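Each chain, written out:
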Amino acid sequence: EAAVTQSPRNKVAVTGGKVTLSCNQTNNHNNMYWYRQDTGHGLRLIHYSYGAGSTEKGDIPDGYKASRPSQENFSLILELATPSQTSVYFCASGTWGYEQYFGPGTRLTVL
Amino acid sequence: GDSVTQTEGLVTLTEGLPVMLNCTYQTIYSNPFLFWYVHYLNESPRLLLKSSTDNKRTEHQGFHATLHKSSSSFHLQKSSAQLSDSALYYCALSDGIGANTGKLTFGHGTILRVHP
């Protein structure tokens with residue numbers, strides 16, 4: 001059974017619209033992460049969280065917000081989506097041992 | 001800040017030949033941890049290897065890598081490539097200090113394509 005799940009798996013949004021990407025983990029990990037994956041850039045960290053109620057800015061947070069309402073759930077929010085945010089988004093969970101467990105990804109297209 | 005540099009772009013190999021994907025890093029911290037993650041098509045990225053102590057080799061699933069602090073490197077190697085090794089490979093760095101965050105810096109990734 002998948003320990004990190006993401007929804008939706010595919011999303012088409014319009015420029016200026018609001019998009020929410022959801023992530024759920026059953027690993028009971030304190031830490032959760034949101035990345036985007038782009039050719040030529042690899043995986044880049046957008047936001048991360050140490051636990052319920054906490055969110056921290058990663059390396060490329062501009063244009064994104066995050067929410068961690070519980071240990072299991074971590075959302076990424078694009079308040080005003082732009083075409084430059086077209087990408088594949090990965091959520092991951094992890095603990096002090098540094099290994100991160102990734103979800104299946106969400107392919108977002110902003111038109 | 002921290003950075004990771006990998007072999008650029010695409011590496012194409014014939015099955016049976018040795019694999020070497022380069023990874024070098026920059027960090028101000030004296031005890032970094034290095035990782036290789038593998039991302040197969042239509043799957044999630046997952047951990048392949050993580051570094052041990054300086055100059056010690058780590059192995060998993062036929063792949064191996066050695067952390068060399070003197071040259072800031074953690075190259076991924078395999079003696080004989082298989083078709084199933086075709087994937088996107090990421091080298092990643094943790095400064096070791098942020099233990100509670102587990103925050104990683106990833107390289108840009110190297111696509112390995114193995115053909116018959």
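Residues numbered from 1 in each chain as written. Chains lettered and ligands numbered in written order. Predicted model: local features only at pLDDT ≥ 70, side-chain atom pairs only at ≥ 80, totals over all residues. Heavy atoms only, no water.

Report on the overall build of chain B, specifying residues and quantitative values.
Regarding its fold elements, chain B presents 0 helices and 12 strands. Shown N-terminal to C-terminal, the secondary structure of chain B runs as helices and strands in the order β-β-β-β-β-β-β-β-β-β-β-β. Taking 2.2 N^0.38 as the reference for a compact globule, 116 residues should give roughly 13 Å; the C-alpha atoms of chain B span a radius of gyration of 14 Å, in line with that estimate. Along the longest, intermediate and shortest principal axes, the C-alpha atoms of chain B span 45 × 30 × 25 Å. Put simply, chain B has 116 residues, and 46% of those count as buried. Restricting the contact set of chain B to residue pairs at least 6 apart, pairs at least 24 apart contribute 57%. Within chain B, the 8 negative side-chain charges are centred at a point lying 4 Å from the centre of the 8 positive side-chain charges. (Helix = DSSP H or I, 4+ residues; strand = E, 2+ residues; numbered from the N terminus. Rg over C-alpha atoms; globule rule 2.2 N^0.38 Å. Buried < 20%, exposed > 50% of the residue type's maximum accessible area, 1.4 Å probe, protein only. Contact = heavy atoms within 4.5 Å. Lys, Arg positive; Asp, Glu negative; His and termini not counted. Charge placed at Lys NZ, Arg CZ, Asp CG, Glu CD.)

Requested: an account of the environment of Ala13(A), with residues and values cited.
Residue and element names in this part refer to chain A. Assignment of secondary structure puts Ala13 in strand 2 (residues 10–13). Classification of Ala13 by relative accessible area gives buried; the value is 8%. C-alpha of Ala13 to C-alpha of Cys23: the two residues are 10 residues apart in sequence and 18 Å apart in space. Sequence-distant contacts of Ala13, defined by excluding residues within four places in its chain, comprise Val19, Leu108, Thr109, Val110 and Leu111.

Describe in detail the sheet that holds strand 3 (residues 19–21) of chain B, supporting the description with residues and values.
All names here are of chain B. The 4 strands are arranged 3-9-8-7 in an open sheet whose pairing can be described as antiparallel. Each having just a single partner strand, strand 3 and strand 7 (57–60) make up the two edges of the open sheet. The sheet shows a mean angle of 20 degrees between the axes of neighbouring strands, direction not considered. As defined by bridge partners, strand 3 adjoins strand 9 (residues 76–78) across 3 bridges and the pair is classed as antiparallel. Pairing of Val19 across the sheet is with Lys78, part of strand 9. (Pairing = 2+ DSSP bridges. Axes fitted to C-alpha atoms, helices over the stretch in contact; angles between N-to-C directions.)

Please set out unusual backbone geometry residue by residue, giving values where relevant.
Of all residues except glycine, most have a negative phi; of all peptide bonds, most are trans. Cis geometry is found at the peptide bond from Ser7(A) to Pro8(A), where omega equals -5 degrees. For Asn55(B), which is not glycine, the phi torsion reads 65 degrees and is therefore positive. With respect to the element layout, Asn55(B) can be found in the loop between strand 6 (46–50) and strand 7. Although it is not a glycine, Gln61(B) adopts a positive phi angle of roughly 50 degrees. Since its relative accessible area comes to 46%, Gln61(B) is described here as partly exposed.

If you had to explain the nonpolar core to someone new, which residues and values would you point to?
Ranked by internal contacts, the top residues of the largest apolar core, which has 25 residues, are Leu34(B), Trp36(B), Leu48(B), Leu76(B) and Tyr89(B). Within the residue set of this core, elements represented by two or more residues are strand 2 (10–14), strand 3, strand 4 (23–26), strand 5 (33–39), strand 6, strand 8 (63–66), strand 10 (87–94) and strand 12 (110–115) of chain B. With 4 residues, strand 10 of chain B is the single largest residue contributor to this core. Not counting the four nearest positions on each side in its chain, Leu34(B) is found in contact with Cys23(B), Tyr25(B), Leu49(B), Lys50(B), Ser51(B), Leu67(B), Phe74(B), Cys91(B), Ala92(B) and Leu93(B). Trp34(A), Tyr64(A), Tyr89(A) and Val110(A) belong to the second largest nonpolar core, which has 18 residues in total. (Core = buried A, V, L, I, M, F, W, Y, C linked by side-chain atoms within 4.5 Å.)

Explain the state of the cysteines to me, and be specific about the residues and the numbers.
Across all of its chains, the model carries 2 disulfides over all chains by this definition. Across a sulfur-sulfur distance of 1.9 Å, Cys23(A) and Cys91(A) are joined as a disulfide pair. With the S-S bond torsion at -80 degrees, the cross-link from Cys23(A) to Cys91(A) turns out left-handed. Within this pair, whereas Cys23(A) is found in strand 3 (residues 19–25), its partner Cys91(A) is found in strand 9 (residues 87–94), the two being separated by 68 residues in sequence. Cys91(A) matches Cys23(A) in its accessibility class, with the two residues each being buried. Disulfide partner of Cys23(B): Cys91(B), at an S-S distance of 1.9 Å. Around the S-S axis, the bridge from Cys23(B) to Cys91(B) shows a dihedral of about -65 degrees and counts as left-handed. Of the two residues, Cys23(B) sits in strand 4 while Cys91(B) sits in strand 10, which places them 68 residues apart along the sequence. Taking the relative accessible area as the measure of exposure, Cys23(B) reaches 0% and is therefore buried. According to the relative accessible area criterion, Cys91(B) is buried, its value standing at 0%. (Disulfide = S-S within 2.5 Å.)

Mind laying out the sheet that holds strand 7 (residues 65–67) of chain A, listing which residues take part and the relevant values?
The pairing of strands in a sheet happens through backbone hydrogen bonds and is either parallel or antiparallel. Residues and elements named next belong to chain A. The antiparallel open sheet is built from 4 strands, whose spatial order is 1-3-8-7. In the strand order of this sheet, the two ends are held by strand 1 (4–7) and strand 7, each with one partner. Here the strands of the sheet are splayed against their neighbours by 20 degrees on average, with no regard to which way each runs.

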